[in-house]
Amino acid sequence: MLHRFVFRRVRTYSTVSPRASIYISTSTSPHFNLAVEDWLFRKALPDRPLLLLFKNEPCVVIGRNQNPWKEINFPALRALGVPFIRRRSGGGTVYHASDLGNTNFSIHLPRAAFNRHHTARIIQRALVSLSIDADVNERNDICVGGFKMMLIRGSKYVSGSAYKIVNKRAYHHGTMLISTELGRLGSLLHNTKDTMVTKGVASVRSPVHNLRQFRSNVTHARFMEAVIDNFTEEYEINPEVQMVHDGAEIRDIDHIKAGIIELQQWDWQYGQTPEFTHRLTGSFAWGEITADIRSKHGIILSCGVSSNSIDETWCKEFGSSLVGAKYASLEGMEREDLVENRRERLDILEWLREEM
């Protein structure tokens with residue numbers, strides 16, 4: 001439930017319009033919320049500041065230019081039944097917890113007025129108003145620490161940020177950790193693919209903490225209220241809030257409908273992955289094998305294979321047969337027409353799928 005002070009300035013509208021300045025989504029669907037965010041970014045008045053606040057169900061969210069196979073522990077992701085989503089902005093990977101213990105904020109501004117440090121300061125001042133000793137570091141992350149002159153080294157991260165700039169509009173959005181399950185975060189984002197070299201943006205691994213470790217009475221509602229207060233004060237706008245409810249009416253808006261679909265498609269989730277290489281070495285009952293894979297946009301571009309027990313010509317042909325296949329899934333690679341060394345082929349394919 002929203003804090004009672006938020007309720008005093010909520011207005012009910014028959015339809016959702018991109019003409020308001022402050023929005024709170026009551027949905028916890030990450031696909032819905034990210035689609036609404038992009039709709040507001042594209043359709044809102046370009047000269048007006050805008051704030052969107054929401055919470056998400058459990059998910060891992062990677063940056064626009066990241067490699068999911070490098071960032072995510074997929075076995076842990078599948079075991080927990082947690083989806084991953086590639087957002088439209090840059091930046092690193094974040095985890096939205098099953099306890100809904102994080103709050104997402106998105107501040108949209110005219111491009112000419114956009115300043116990453118200034119928008120981060122809005123969130124920092126909101127935390128200070130909640131009696132939390134927060135500051136902003138050189139990467140514009142929100143930090144909390146005990147040494148005011150040494151915050152960059154001695155501080156603890158409680159929020160990560162990302163940005164997007166298009167034409168006349170820009171936004172700064174982030175995830176504030178309020179009471180997130182930090183243990184699960186570590187398992188989902190722990191990846192040991194040291195031989196994978198990517199041209200994508202790698203996440204900066206940093207120690208993270210919850211706001212409640214510094215102020216036990218902080219809640220989602222109190223944090224939202226503080227952000228709204230500082231946002232309206234900064235830009236001198238009406239503090240009226242428009243609620244966004246997940247339903248057929250808003251999901252039928254063309255831009256939002258298309259956005260929800262796109263976020264779940266292979267071409268967006270995996271097909272946007274920048275070029276990378278991955279060396280894999282495995283041992284089998286019949287011998288050892290090494291595969292040097294190069295992939296771009298989730299498709300294998302080349303695969304060099306060598307083995308201490310299989311003919312070199314066969315290894316070359318096997319590697320060539322993988323060119324054009326989707327990385328990790330290797331759909332359709334069993335191929336009944338290839339009978340030579342079939343046992344080895346099936347062993348290698350199973351191993352590659354597990355290791356990729």
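Note that this is a predicted model, so its numbers are computed, not measured.

## Points about the sheet that holds strand 6 (residues 94-96)
An order of 5-4-6 is seen for the three strands of this open sheet, with the pairing classed as mixed. Sheet topology places strand 5 (84-86) and strand 6 at the edges, where each strand pairs with a single neighbour. Between one strand axis and the next, the sheet turns through 25° on average, direction left out of account. Pairing of strand 4 (residues 59-62) with strand 5, which is carried by three bridges, proceeds in the parallel orientation. The residue bridging Ile62 from the neighbouring strand is Arg86, located in strand 5.

## Thoughts on the packing of helix 2 (residues 30-43) against helix 10 (residues 254-263)
Relative to each other, helix 2 and helix 10 sit at 130°, their axes nearing to 8 Å. Between helix 2 and helix 10, the angle falls in the class oblique. Crossing of helix 2 over helix 10 shows right-handed handedness. Contacts between helix 2 and helix 10 pair His31, Phe32, Leu34, Ala35, Val36, Asp38, Trp39, Arg42 and Lys43 from the former with His255, Ile256, Gly259, Ile260 and Leu263 from the latter.

## Topic: the packing of aromatic side chains
Following the criterion strictly, the structure yields 14 aromatic pairs and no others. Between the aromatic rings of Phe276 and Tyr327, the centroid separation amounts to 4.9 Å while the plane-to-plane angle is 85°, which identifies the pairing as edge-to-face. With a gap of 51 residues between them, Phe276 in strand 15 (residues 276-284) and Tyr327 in the loop between helix 12 (312-321) and helix 13 (342-355) connect regions that are remote in the sequence. The same class applies to Phe276 and to Tyr327, which are both buried. In textbook terms, an aromatic cluster arises when at least three aromatic residues are bridged by ring pairs, as seen for Trp69, Phe74, Phe84, Trp266, Tyr270, Phe276 and Tyr327.

## Observations regarding the environment of Ser129
Considering the arrangement of structural elements, one finds Ser129 in helix 5 (residues 116-129). Considered as a pair, Ser129 and Phe223 are 94 residues apart in the sequence and their alpha carbons are 9.5 Å apart. Non-local contacts of Ser129, meaning those with residues more than four positions away in its chain, are made with Ala226 and Asn230. Within polar-contact distance, the side chain of Ser129 engages the backbone oxygen of Ala126 at 2.5 Å.

## Considerations on helix 8 (residues 220-235)
Look at helix 8: 23 Å from first C-alpha to last across 16 residues, which is about the 22 Å you get at 1.5 Å a residue. Within the sequence span of helix 8, burial applies to His220, Ala221, Phe223, Met224, Glu225, Ala226, Val227, Ile228, Asn230, Phe231 and Thr232. Immediately downstream of helix 8, the backbone of Glu236 shows phi near 50°, a positive value.

## Things to note about the environment of Gln124
Structurally, Gln124 is set in helix 5. Among the residues examined, Gln124 registers a relative accessible area of 11% and is labelled buried.

Rules of the game
Residues numbered from 1 in each chain as written. Predicted model: local features only at pLDDT ≥ 70, side-chain atom pairs only at ≥ 80, totals over all residues. Heavy atoms only, no water. Pairing = 2+ DSSP bridges. Helix = DSSP H or I, 4+ residues; strand = E, 2+ residues; numbered from the N terminus. Axes fitted to C-alpha atoms, helices over the stretch in contact; angles between N-to-C directions. Parallel < 35°, antiparallel > 145°, perpendicular 65-115°, else oblique. Left-handed = near helix turned anticlockwise from the far one by under 90°. Contact = heavy atoms within 4.5 Å. Phe/Tyr/Trp six-rings, centres within 6.5 Å; stacked < 30°, edge-to-face > 60°. Buried < 20%, exposed > 50% of the residue type's maximum accessible area, 1.4 Å probe, protein only. Polar contact = N/O pair within 3.5 Å; in protein donor to acceptor, adjacent residues only side chain to side chain. Expected span 1.5 Å × (residues − 1).

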